[in-house]
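# Chain and residue survey
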Amino acid sequence: MNALLTEVFLSTLIFGAVTAGIPLLLAGLGEQISEKAGILNIGIEGMMLAGSYAGFVVAYAWDSFAFGFVAGGLAGMAVASLMALFCVRLSLNQIVVGIALTLSAEGLTALLHFFQFSRTYPRLPKAPVLAIPGLDNIAVIGPGLFRHNAIVYLAVLLVAVVAWLFRKTYIGLNLEAAGNKPAALDAAGIDVLATRTGAVLTTGVLAGLGGAYMAEVGAGLFVPYMTNGAGFIAIVLAMLARGRPLWVLLGALLFGVSLSLTTALQVAGVDIPTDVVQMLPFAMVILVLVIFGRNSMLPPALGLPYIRGER
Amino acid sequence: MRAVARVVVPILLALGVSGLVLLALGKNPLAYYSDVLSRGLLTWGGLQATITRMAPLLLIAAGLVVSFQAGIWNLGTDGQFLLAGVITAALTPVLVGIVPWSIAIILSLIVAFAVGAAWSLIPAFLKASYGINEIITSLMMSFLGTSLANVLVKISFRDPSTDVPQTQVLPVADRLPRLFGTTVHSGILIAIAAVVLVHVVMTRTAFGLKLRMVGANPRAAAHAGLNVAKLTFATFALSAGLAGLAGAVEILGVQGTVRADWNPAYGLLVVPLVFLARFHALGVIGFTVFFAVLMIGGESASRRLGVPQHFVLLLVGMLLLFLALVDYLDHRRRLMRASL
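Another aspect to go through is the overall build of chain A. Across its full length, chain A holds 12 helices and two strands. Across chain A, helices and strands are ordered from the amino to the carboxyl terminus as α-α-α-α-β-α-β-α-α-α-α-α-α-α. Split into buried and exposed, the 311 residues of chain A put 55% on the buried side. When contacts within chain A are restricted to residue pairs at least 6 apart in sequence, those whose partners lie at least 24 apart make up 79%.

Structure (structure tokens):
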């Protein structure tokens, strides 16, 4: 057991938890915004995957991580705009469209990857690291928490921004109304469809960014189906966080730990089959749901299209 | 006429848009589609492979018909399929040594059904007790089940006599018998029987009516005195059990063993198929032919034309999208006409 508590194991674990948790955090925050506005965004897995692919391709072609992140966000938004068109404007079934978008994104990105990279399998160079001076040298937690790509700090900052948005601004109030009682929002003279469209597009950008981070920083390359359910975990995070962004952060880190355990254990020289470790995050989701599921809460109008005048 | 258009138009649109993607990638979509058709349907070998492939697809689809009609989104069929498959692959070779062949097969099928159903207990519980969305929970269980199946193959049920991590191979003589000298195994009969049974249960029995009531309006069903929680469990058990049966049939009929990391991932592909059939059990059969041709033909085309199987995923996603869109347009046109 002592081998597990060495400094290198712990800092690998913490570093890995942050790296694996950031995509979940970004997508979870995005999903939370959608859910607040009444859209159950099952397509988020597809949005992340589109972000991964676009982020990788652009970062590779232009040799710029920043461009990659921009492209990832835009790609996520492009998929989200289809979701907004079909589910918000045309009031189609959100679940059907979500599955359709995820399947299409999986197929399309894998297909494009096959034709471009299946012979070369290029890798990106190591992503630039922004060490926070003074903090990055603290024993154990310093290297794990404060030597990351700049987008990590931005993502954590975003938690505060979203919390502020939800609690203190009209935007937050409008989102909440769009998910709880869209008719009331409509009666107050606010465009329900515009509010929901904005929410879905924001989700797309965040999910795309999360996906891009996965490919550019986490893996350094694109592999077909690489998000491997991260989008769905993000949905669970948003569901359990009950509208509170800080809880998404905590949840994302918790799942990040279970995702990074494989690497950390390998570093510590403990040999556990990868398949066993791969089960951890999903087993944890189920466990958390069984224990805390009673407390999960979703807006009443979630998943229902808003059609003016319809009862 | 309208009903036909509502099915044919989305299919044509999906084929068209996906074809444009192929064109953009420098492949000839017409060559691809005709290759899929000829290899999947018009050659004798392809036709037999297509009918063989239909067996697991039909069983999964039959399960989804039950759950979708009852308003439950069991999207975890991949995990249920795979786990039941692995358990079957481990159990049957042992069973045939102990009891007569026919009893061994029947026992294996029952166990596979039970394994699939058991894997849906947690999503059913979370849905029935806390109202937690079953899409997410069943998907999570599916990811979990896929990994667990791998663990079982590599650690618990690994055949020590081979270097490849796989379960003990069921001898060809002990597999499901083939039909009339073809390569098609009798699992297809089980599958068709299951589809017909599901159709009868859902449309002709009180139990089926109860499930459909819950699907149409769970609150009204609870008001009418139905035990919605119990029906939720029953729906999940039937739907997941049929997915488990699909896994068993695929193992007993085709594979004979489970190799590590084997996951055909039929589950999400069958969802659009059931939508195309509008949740109608018998309607599922026709669309399963279409999907099986796509898969078998696509596998051949991926070798011959260098278009990977991922393309079928794109095609199916597009199909689902256009299906929803065409339904919407049709619905709106009807509303417009009604308001005139």
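On a plain count of helices and strands, chain B comes out with 14 helices and zero strands. N-terminal to C-terminal, the α/β element order of chain B is α-α-α-α-α-α-α-α-α-α-α-α-α-α. Computed over its C-alpha atoms, the radius of gyration of chain B comes to 21 Å, within 12% of the 20 Å expected for a compact globule of 340 residues. Counting only C-alpha atoms and orienting by the principal axes, one finds that chain B spans roughly 75 × 60 × 35 Å. The buried share of chain B, taken over its 340 residues, is 52%. In chain B, of all internal contacts separated by at least 6 residues, the share reaching a separation of at least 24 is 78%.

Moving on: the interface of chain B and chain A. Facing 36 residues of chain B, the contacting portion of chain A comprises 38 residues. Elements supplying a minimum of two residues to the side of chain B that touches chain A: helix H6 (121-130), helix H7 (134-156), helix H12 (267-276) and helix H14 (310-339) of chain B. The element best represented in the side of chain B that touches chain A is H7(B), accounting for 14 residues. Class assignment of the residues belonging to the side of chain B that touches chain A gives a composition of 30 nonpolar, five polar and one charged.

This next bit is on the confidence of the model for chain B. Residues with a pLDDT of 70 or more make up 100% of chain B, whose mean pLDDT is 86. Model confidence for the complex is summarised by a pTM of 0.87, with the ipTM given as 0.85.

Quick look at helix H4 (residues 77-98) of chain B now. Residues and elements named next belong to chain B. Over its 22 residues, H4 extends 31 Å from the first C-alpha to the last, a length consistent with the 32 Å expected when each residue adds 1.5 Å. Of all the bends in H4, the greatest reaches close to 30 degrees and is centred on threonine 92; the proline proline 93 follows between one and four positions later. Burial runs high along H4: 18 of the 22 residues are buried.

For Asn228(A), which is not a glycine, the phi torsion comes out positive at approximately 45 degrees. Relative to the assigned elements, Asn228(A) resides in the loop between helix H9 (192-219) and helix H10 (230-240). Of the residues examined, Asn228(A) has 16 C-beta atoms within 10 Å and is grouped as partly exposed. Even without being glycine, Ala265(B) reaches a positive phi, approximately 50 degrees. Turning to its location among the elements, Ala265(B) is positioned in the loop between helix H11 (228-255) and H12.

Let's shift gears to the environment of Asp63(A). Residue and element names in this part refer to chain A. Along the chain, aspartate 63 turns up in the loop between helix H2 (44-62) and helix H3 (65-89). Residue class for aspartate 63 comes out exposed when judged on the 11 C-beta atoms lying within 10 Å of it. When the C-alpha atoms of aspartate 63 and isoleucine 291 are compared, they prove to be 46 Å apart, with 228 residues separating the residues in sequence.

Attention now moves to the environment of Thr274(A). Residues and elements named next belong to chain A. Assignment of secondary structure puts threonine 274 in helix H12 (residues 274-292). On the neighbour-count criterion, threonine 274 (14 C-beta atoms within 10 Å) is partly exposed. For the pair threonine 274 and leucine 261, spaced 13 residues apart in sequence, the C-alpha to C-alpha distance is 9.8 Å.

Okay, H9(A) next. All names here are of chain A. Taking 1.5 Å as the rise per residue, H9 with 28 residues should run 40 Å; its terminal C-alpha atoms sit 39 Å apart, in good agreement. The sharpest bend along H9 measures roughly 30 degrees and falls at tyrosine 213. Most of H9 is tucked away, with 24 of its 28 residues classed as buried. After H9 finishes, the residue glycine 220 shows a positive phi value of roughly 80 degrees.

For the rest of this paragraph, the subject is the packing of H2(A) against H3(A). Residues and elements named next belong to chain A. Two numbers describe how H2 lies on H3: the axes approach to 7 Å, and their chain directions differ by 150 degrees. One finds that H2 runs roughly antiparallel with respect to H3. Crossing angle aside, the handedness with which H2 passes H3 is right-handed. Per-class residue counts for the contact of H2 with H3 are 18 nonpolar, seven polar and no charged.

Residues and elements named next belong to chain B. Axis separation between H6 and H11 bottoms out at 9 Å; the angle between their running directions is 155 degrees. If you check the angle between H6 and H11, you find them roughly antiparallel. Both H6 and H11 take part in a crossing whose hand is right-handed. Together, Pro123, Ala124, Lys127 and Ala128 of H6 and Ala229, Thr232, Phe233 and Phe236 of H11 make up the contact between the two elements.

Another aspect to go through is the environment of Lys154(B). Checked against the element boundaries, Lys154(B) lands in helix H7. Linking Lys154(B) and Asp261(B), residues 107 residues apart in sequence, is a C-alpha distance of 9.3 Å. Residue contacts for Lys154(B): discarding those within four places in its chain leaves Pro273(A), Asp275(A), Pro165(B) and Ala260(B).

How each quantity is defined
Residues numbered from 1 in each chain as written. Chains lettered and ligands numbered in written order. Predicted model: local features only at pLDDT ≥ 70, side-chain atom pairs only at ≥ 80, totals over all residues. Helix = DSSP H or I, 4+ residues; strand = E, 2+ residues; numbered from the N terminus. Buried ≥ 20, exposed ≤ 12 C-beta atoms within 10 Å, placed from the backbone. Contact = placed C-beta atoms within 7 Å. Rg over C-alpha atoms; globule rule 2.2 N^0.38 Å. Nonpolar A, V, L, I, M, F, W, Y, C, P; charged D, E, K, R; others polar. pLDDT = per-residue confidence, 0-100. Expected span 1.5 Å × (residues − 1). Bend = angle between axes of the 7 residues up to and from the residue. Axes fitted to C-alpha atoms, helices over the stretch in contact; angles between N-to-C directions. Parallel < 35°, antiparallel > 145°, perpendicular 65-115°, else oblique. Left-handed = near helix turned anticlockwise from the far one by under 90°.

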